[in-house]
Each structure stands twice: as C-alpha cells, then as structure tokens.
There are 2 protein chains.
Amino acid sequence: MTHKVSDSTIRRMSHYLRALEEMDRQEETTVSSTQLAEWGGTTAAQVRKDLSQFGSFGKRGLGYEVRGLTERLRAILGVDRRWRVALVGAGRIGAALFEYPNFRLRGFDLVGVLDVADDKVGRSWGELTIRHVEELEDVVSSEDVDLVIIAVPAAAAQEVADRAVEAGARGILNFAPTQLRVPEGVPLTDVNLVMEMEALSFAITSAEQGS
Amino acid sequence: MTHKVSDSTIRRMSHYLRALEEMDRQEETTVSSTQLAEWGGTTAAQVRKDLSQFGSFGKRGLGYEVRGLTERLRAILGVDRRWRVALVGAGRIGAALFEYPNFRLRGFDLVGVLDVADDKVGRSWGELTIRHVEELEDVVSSEDVDLVIIAVPAAAAQEVADRAVEAGARGILNFAPTQLRVPEGVPLTDVNLVMEMEALSFAITSAEQGS
DNA sequence: AGGTGTGAACACTTTCACAGCA
DNA sequence: TGCTGTGAAAGTGTTCACACCT
C-alpha cells in the first residue's frame, strides 16, 4: 500500500502535527487544509496532496477533525510510541540535546550517554552515568536502543556508526561534519550547522551580485 | 547571468568544498567529477551539472584543479570573506555553537550574545559579555551583524526575527521550533531537531509496515 | 584515451482545476 | 455552498549519452 513518500512530504507532516497540537490546545475541533497551510507556510493543495498519500482523513465541505487527524499523523510518523535513544559524545551538542525538553516531550528518551574522555566517563548526567564508548555495543543491546545520535569529531564518526548499526541501532542522527556510510535500510539524517550557514552566505552573496 | 540555483545544489556545493579542502590537505592537485562524487555520495553527472551552473572550471580529459576549484567554490558560496554573527539565546544550544570550533574556522565570527535572563546578562562568554535582548537593535547595527542565530523559545522567536531584520540582519538561522515569517529577500534556514528525529521515526516505522 | 560540458529524456514534486460528497 | 480528494498540467531536479576538447 505505502508507495515511496518524499522527504519534503515527511517534513511537512511534522509541521502539520505541530500545528494540530497547537490547534487542539486552542480548543479548535476541526481544521481546513487552508488553515493548516497557513500555519506551515505552504498551500492548501499541497496539504491535501500530502495527506492523501496516506489515506482520506477529511470530510468534504467540513475539513479535518483535529483530534482524529492528530492521532493519524502520530501513527504515520511513528511517534505514537516512545523511542530509545543513545547519545555518543558528551560535549556541548550532547549537553544541549540532553537539556532540550522537547526531546522527551516528543517521545524520545535518552537512555545512554557515552564518551571517550576519561574525565567524562563515570560522571552523572541526570539519572544517567556517562559510559565509555568501548561499551557502545553493550549499551545498544542491553538498553534496547533504537536511535543513536552521533556527536563526536568527524574522524571518529564512521566507526561509531558502524558499531552502532552492527549492535542493532535502527537509525542515526549525525552531527559530525562528514558523510557517513550506512547499510541500505538504516535511515541516516545529517545536521550540519556549517552547511546551513553556508547556505545563508550563498543566498546573501548571490542576491548582492545578481542584478 | 546567475539564474535560480536549487537548494540541493547549494548543499552539495558545501560538500564539494569540504572534499576539495580535504584533498588539498592530501596534496592532490587535480580531481575528477567521479572522485568528487564518491566523496559526497552523489554521481559524476550531478557534480558536473552542479558546477556547470556557475561556469566551466574543468579541463576536458583532465578534471579540475583542486586549488583553483576550491577558490571558485569559496567565492560562489560567499565564504571568501568573514561573516559577523549574533546569537540570541544563551542557553545550551547557544553554548554549543559558541564552543564549536568549525564555526570560527569556516569564517563565522560570533560578535554578540544576547539573552533575556537577568542571571545571564552581564556574564562573560570568552571575550563577549552577554547583553540583554532589549539591546538587539543596538548590537546588530553597532557590531555590523550580518547573520542572526535564534536560539530562544518558540514563543519569543518571531519578535526576535522581526527586530533583527528591522535592525539590518541579512540572514537568519532559526533553532526555535516554529515557522518564522521574514520579509522576501531575507534568507532563513531552520534547524529543527525534533523534525529530524521524526523523519527517522517515520523511515523505521514505514519500513516495518511496508511489505 | 580520458573526462568535461550540456541538450534531451526521464523522474519527481507542486500547482491547478474540478468532480463529488456533506 | 464549502471543502476534500485527485487526475492532469506545469514546473523542477536528476540522469543519460555523447559531442568535444586536451
């Protein structure tokens, strides 16, 4: 049933979900594609096309039922469950993630933190104790980790990825500025701040020069 | 001359630039589109198409000269200069950026940090003193800020964006999980960690369910 | 021979426009 | 009437294949 769904569709689905949750908080019970589009900076047709890839959730003439659609989107995105996350690299990025409340609120539970540095291993982060990267396989399997966040220097990232996947991790979020190779079927997302800054730099520079 | 260039092209250009710098470090003097493609996980034709949008930089039968192409890419991306960056929100994300060495290495200088919290205002971060968000306009204009990074709660983000742009900021990197509205011509990039995690969640969930 | 630069073919995404249901 | 769901059209991005230069 489920054919290939584009990346941009998924990104927008996240957006719609956030919009719906906000609308529910404001006690709205129904919503139209037009309203959803305004919230997420897209068009009504786009919203309907996106949703239609997963089913028919609306009522003609009326719109979508906020609560119902919220549930459907949660199920589609797979966030109607909790995810177990291990963090490799207890530096600043790691700390930022650790303290980011939305993370837990949205269903992602940090169940392990690892680092190589001797002065970090053994320390406590909240209820977690930082463990040595050597123990990665152990943490992934014993803690039943689904997702691994890589926040280590570029040179160490590939090895961490290989071992995490081998040990059973099912998806990877990579902050290291390097192109990781992972087996077919293991989703990988990169977050590269320098790249984002360069995109801004380009946009400004080319606007300056283009007539 | 410069027609519309796609976002994905720019992302790949960043990649090529990083690859070239690495190759230069390894004392390679020329490089083919095939090699560049391998490095960035794309195809040779794609590399050539991307580059050809900005000019003809290669020699047929030979490839591209590493140093020369590096310079051209730097100029295209606008990173042959330094950028002045202000950071609004001195929380964990802010701290992570502040300590991220690649940031400065790649040409982005943090020249101002602001926050609302009284217990943060006045503190020192390296050579910078955290200033109150009230002073945003002042910082942007007196420090000649190009880019503003927004790392404040979602509810405060739009106001910060409006004031930053009004005061002369030319681009915005937004970490707040909300859809900002900025005037036409002001580039905006969003970094939304929950969204990235949800994309992983979807990929895993749909793979499980699809046949 | 070797590898670029590029039009043409192809694939994918978005927008349009309207039939159809509440 | 109002708004969804969806084929068809338009627009964008990627891949192919080859002429052309060194």
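Up top is the structure these notes are about.
So, here's what we can say about the structure. (Residues numbered from 1 in each chain as written. Chains lettered and ligands numbered in written order. Predicted model: local features only at pLDDT ≥ 70, side-chain atom pairs only at ≥ 80, totals over all residues. Heavy atoms only, no water.)

1. Things to note about the relation of the copies chain A and chain B
Part 1: Between the two copies, chain A and chain B, the superposition gives an RMSD of 0.1 Å; the rotation angle is 180 degrees and the shift along the axis is 0.1 Å. The transformation just described matches what one would write down for a two-fold rotation axis. (Least-squares fit on C-alpha atoms with pLDDT ≥ 70 in both.)

2. Brief notes about the protein's contact with DNA strand D
Part 1: As a matter of local geometry, DNA strand D sits amid 22 residues, with A:Ser33, A:Arg48, A:Gly58, A:Tyr64 and B:Ser6 nearest to it.
Part 2: Among atoms of DNA strand D positioned within 4 Å of the protein, sugar and phosphate together represent 59%.
Part 3: Taking B:Arg60, its side chain carries an N or O atom lying 3.1 Å from a base oxygen of DNA strand D.
Part 4: For the surface near DNA strand D, the secondary-structure elements that each account for two or more residues are α3 (44-52) of chain A together with α3 (44-52) of chain B.
Part 5: In terms of residues, the surface near DNA strand D owes the most to one element, α3(B), which gives 4 residues. (Near = heavy atom within 4 Å. Polar contact = N/O pair within 3.5 Å; in protein donor to acceptor, adjacent residues only side chain to side chain. Helix = DSSP H or I, 4+ residues; strand = E, 2+ residues; numbered from the N terminus.)

3. Remarks on the pairing of strand β9 (residues 171-174) of chain B
Residue and element names in this part refer to chain B.
Part 1: Side chains of β9 alternate between two faces, with Gly171 and Leu173 and Ile172 and Asn174 buried alike.
Part 2: Note that strand β8 (residues 147-150) and β9 share 4 bridges and pair parallel. Counted as the bridge partner of valine 148 is isoleucine 172 from β9.
Part 3: This β-α-β element, β8 to helix α8 (residues 154-167) to β9, shows right-handed connectivity.
Part 4: Here 3 bridges tie β9 to strand β10 (residues 188-190), and the two strands are oriented parallel to one another. Paired with leucine 173 across the bridge in β10 is threonine 189. (Buried < 20%, exposed > 50% of the residue type's maximum accessible area, 1.4 Å probe, protein only. Pairing = 2+ DSSP bridges. Right-handed = clockwise from strand over helix to strand, strands pointing away.)

Honestly, it's all geometry; don't read function into it.
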